[in-house]
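Chain by chain, the residues run as shown.
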Amino acid sequence: MNTPLDNPSMRVSVQVNGQALVRQVECRKHLIDFLREDCGLKGSHVGCEHGVCGACTVRVDGQIVRGCLVLAAQADGRHIETVETLTPSPALRALQDAFVAHNALQCGYCTPGMLMAALDLVEHKPDANREQVREWMSGNYCRCTGYHAIVDAVCAVLEKQKAGGLQASEVRA
Ligand code: FES
Ligand code: FES
């Protein structure tokens, strides 16, 4: 029989997508499992579970991280964003539209992580060229599309943004 010492837990207070949450979690639980199992946010996926595929990409205090490489305990007191929080964002909508228009998803398993990485690019590297887009997105694996369509979609949104198609308020500084 397990005792509390076999399976220690701690109280974690976080802001998830702007909502304050307090949960008692196993000290060894990863952030992605905490989000999916304890917070009910299934948008972020679990793939390799060792930091390679990017399916679990979320943001902690504005920085994209691998949810499978961060413990929930390490997120205590921090602001977490998952793909769910971005739904009202016009920038994300532009990416979603572009992914559809360019056939940049098939099974969709990689797509939440791709969208988080792509949104980060739109926000922080708006002048990226195609090669820089490829490099930025290279940490996210896709087993279906062959990547070209994903790069096409991201480049299309960057071009739209450069042409003024996205308002300044649509992306964060
Ligand atoms: Fe985290 Fe693959 S599941 S990087
Ligand atoms: Fe299937 Fe990317 S669309 S893994």
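Predicted model only: the values in this text are computed from it and were never measured. (Residues numbered from 1 in each chain as written. Chains lettered and ligands numbered in written order. Predicted model: local features only at pLDDT ≥ 70, side-chain atom pairs only at ≥ 80, totals over all residues. Heavy atoms only, no water.)

Draft legend 1. Broad picture of the overall build of the protein. Looking only at helices and strands, one finds 5 helices and 5 strands in the protein. Beginning at the N terminus, the succession of helices and strands in the protein can be written as β-β-α-β-β-β-α-α-α-α. Rg of the C-alpha trace for the protein: 17 Å, near the compact-globule value of 16 Å for 173 residues, within the 12% margin. Taken along the three principal axes of its C-alpha coordinates, the protein extends 60 × 35 × 20 Å. Out of the 173 residues belonging to the protein, those deemed buried represent 45%. (Helix = DSSP H or I, 4+ residues; strand = E, 2+ residues; numbered from the N terminus. Rg over C-alpha atoms; globule rule 2.2 N^0.38 Å. Buried < 20%, exposed > 50% of the residue type's maximum accessible area, 1.4 Å probe, protein only.)

Draft legend 2. Structural context of the pattern of salt bridges. Under the counting rule described, the total for this entry stands at 9 salt bridges. Between K29 and E37 there is a salt bridge, and its shortest N-O distance comes to 3.0 Å. One salt bridge connects E81 with R59, and the closest N-O pair in it is separated by 3.5 Å. Placement of the pair is E81 in strand 5 (residues 79-81) and R59 in strand 3 (residues 57-60), with a sequence separation of 22 residues. Summarising the burial analysis for this pair, E81 and R59 share the class buried. Taken together, the salt bridges that share partners define one network made up of R59, E81, D120 and E123. (Salt bridge = Lys/Arg side-chain N within 4 Å of Asp/Glu carboxyl O.)

Draft legend 3. Broad picture of the packing of helix 2 (residues 90-101) against helix 3 (residues 111-124). Packing of helix 2 against helix 3 brings their axes to within 10 Å, and their N-to-C directions diverge by 125°. As summarised for this structure, helix 2 and helix 3 are arranged oblique, according to the angle between their axes. Here helix 2 runs over helix 3; the crossing is right-handed. Of the residues in helix 3, those in contact with A91, L92, L95, Q96 and F99 of helix 2 are T111, M114, L115, A118, L119 and V122. Grouping the constituent residues of the contact of helix 2 with helix 3 by class yields 9 nonpolar, 2 polar and no charged. (Axes fitted to C-alpha atoms, helices over the stretch in contact; angles between N-to-C directions. Parallel < 35°, antiparallel > 145°, perpendicular 65-115°, else oblique. Left-handed = near helix turned anticlockwise from the far one by under 90°. Contact = heavy atoms within 4.5 Å. Nonpolar A, V, L, I, M, F, W, Y, C, P; charged D, E, K, R; others polar.)

Draft legend 4. Just the environment of D38, in detail. In this fold, D38 is placed in helix 1 (residues 31-38). Between the alpha carbons of D38 and R23 there is a distance of 7.5 Å; along the sequence they are 15 residues apart. Sequence-distant contacts of D38, that is, excluding residues within four places in its chain, are made with R23, Q24, V25, K29 and D33.

Draft legend 5. Region of interest: a nonpolar patch on the surface. A surface patch of nonpolar side chains, about 230 Å² in accessible area, is lined by V52, Y141 and Y147. You can call Y141 partly exposed: its relative accessible area is 34%. (Patch = residues over 30% accessible without salt bridge, like charges linked within 9 Å, V, L, I, M, F, W, Y side chains within 5 Å. Areas by Shrake-Rupley, 256 points an atom, 1.4 Å probe, with all protein chains shown as cover.)

Draft legend 6. Examining helix 2 more closely. Look at helix 2: 16 Å from first C-alpha to last across 12 residues, which is about the 16 Å you get at 1.5 Å a residue. Every buried residue of helix 2 is listed here: A91, L92, A94, L95, A98 and F99. Buried residues in helix 2, looked at end-on, bunch into an arc of 155°, giving them a common side. In helix 2, the exposed positions that point more than 90 degrees away from the buried face belong to D97, V100 and A101. On its buried side, helix 2 packs onto helix 3 and helix 5 (148-162). In the stretch just after helix 2, N103 is the one whose phi turns positive, near 55°. (Expected span 1.5 Å × (residues − 1). Arc of directions from axis to C-beta.)

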